[in-house]
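For reference, the chains in residue letters:
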Amino acid sequence: MNEYSRPGWTEYFLDIAKAVGRRSTCFRRRYGAIIVKDNIIISTGYNGAPRGKDNCIDTGVCERERQHVPKGERYELCVAVHAEQNAIIAADPVKMKGAQIYIVGYNADDSLASGKPCLLCRRMICNAMIDKVIYLETDGAVVEVNPQDIY
């Protein structure tokens, strides 16, 4: 009998989202997101400064960290574009209709961060007509929701 355990699609795509997040340029948290339709990856994204702009890891400064701003507050101080936003920006709008987005986040200390999209990202996910959001919660639980239900 074969001892190999093949991962299911959800585990597989969450693992890929985690790997994408390793490209993050944020001091505080590393997020990865992938958009998938019919088990085919349409787009990926990670959190970081807009193209051509200085990243926090390059400048050595995180303004939100410097000011001790809690998670979910004062986003205007952050130079980063969220992983979900980058994945949506890079995707073909026609292909996103009916797709799923997988999101994984880690804190600077490598503990899990909630992958639940922020309000602005939830709006963008809804507007992109993505049908399902799948993310890891801080306790490792997999959450699958309709974007309209978390709006």
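Small disclaimer: the values here were computed from a predicted structure and weren't measured.

Reading the values: rules and limits
- Residues numbered from 1 in each chain as written.
- Predicted model: local features only at pLDDT ≥ 70, side-chain atom pairs only at ≥ 80, totals over all residues.
- Heavy atoms only, no water.
- Helix = DSSP H or I, 4+ residues; strand = E, 2+ residues; numbered from the N terminus.
- Buried < 20%, exposed > 50% of the residue type's maximum accessible area, 1.4 Å probe, protein only.
- Contact = heavy atoms within 4.5 Å.
- Areas by Shrake-Rupley, 256 points an atom, 1.4 Å probe, with all protein chains shown as cover.
- Lys, Arg positive; Asp, Glu negative; His and termini not counted.
- Charge placed at Lys NZ, Arg CZ, Asp CG, Glu CD.
- Pairing = 2+ DSSP bridges.

*Asks:* Could you give an account of the overall build of the protein, naming the residues involved and the relevant values?
*Replies:* Helix and strand counts for the protein stand at seven helices and six strands. Referenced to the eigenvectors of the C-alpha coordinate spread, the extents of the protein come out at roughly 50 × 40 × 30 Å. Of all 151 residues assigned to the protein, the portion counted as buried reaches 42%. For the protein, contacts bridging at least 24 residues in sequence account for 63% of all contacts bridging at least 6. When the accessible area of the protein is evaluated, it comes to approximately 8900 Å², of which 49% is carbon and sulfur surface. For the protein, the centre of its 20 positive side-chain charges and the centre of its 19 negative side-chain charges are spaced 5 Å apart.

*Asks:* A description of the pairing of strand E3 (residues 100–107) should follow, citing residues and the corresponding values.
*Replies:* Burial analysis of E3 places eight of its eight residues in the buried class, which makes it a mostly covered element. Covered by surrounding structure in E3 are Gln100, Tyr102, Val104 and Tyr106 together with Ile101, Ile103, Gly105 and Asn107, the residues of both alternating faces. The pairing of strand E1 (residues 29–37) with E3 spans eight bridges and is antiparallel. Residue pairing for E3: Arg30 is matched across the bridge by Tyr106. Of the strand pairs in this sheet, E3 and strand E5 (residues 132–136) are connected by four bridges, and their pairing is parallel. When the bridges of E5 are listed, Tyr102 appears paired with Ile134. Of the strand pairs in this sheet, E3 and strand E4 (residues 112–113) are connected by two bridges, and their pairing is antiparallel. Within E4, the position partnered with Gly105 by the bridge is Ala113. The loop that links E3 with its antiparallel partner E4 comprises four residues; one of these, Asp110, has a positive phi angle of about 75°.

*Asks:* Now, about helix H4 (residues 83–90): what can you tell me, with residues and values included?
*Replies:* When we look at burial in H4, the residues that qualify are Ala83, Glu84, Gln85, Ala87 and Ile88. The elements touched by buried residues of H4 are E1, strand E2 (40–46), helix H5 (93–96), E3 and helix H6 (119–127).

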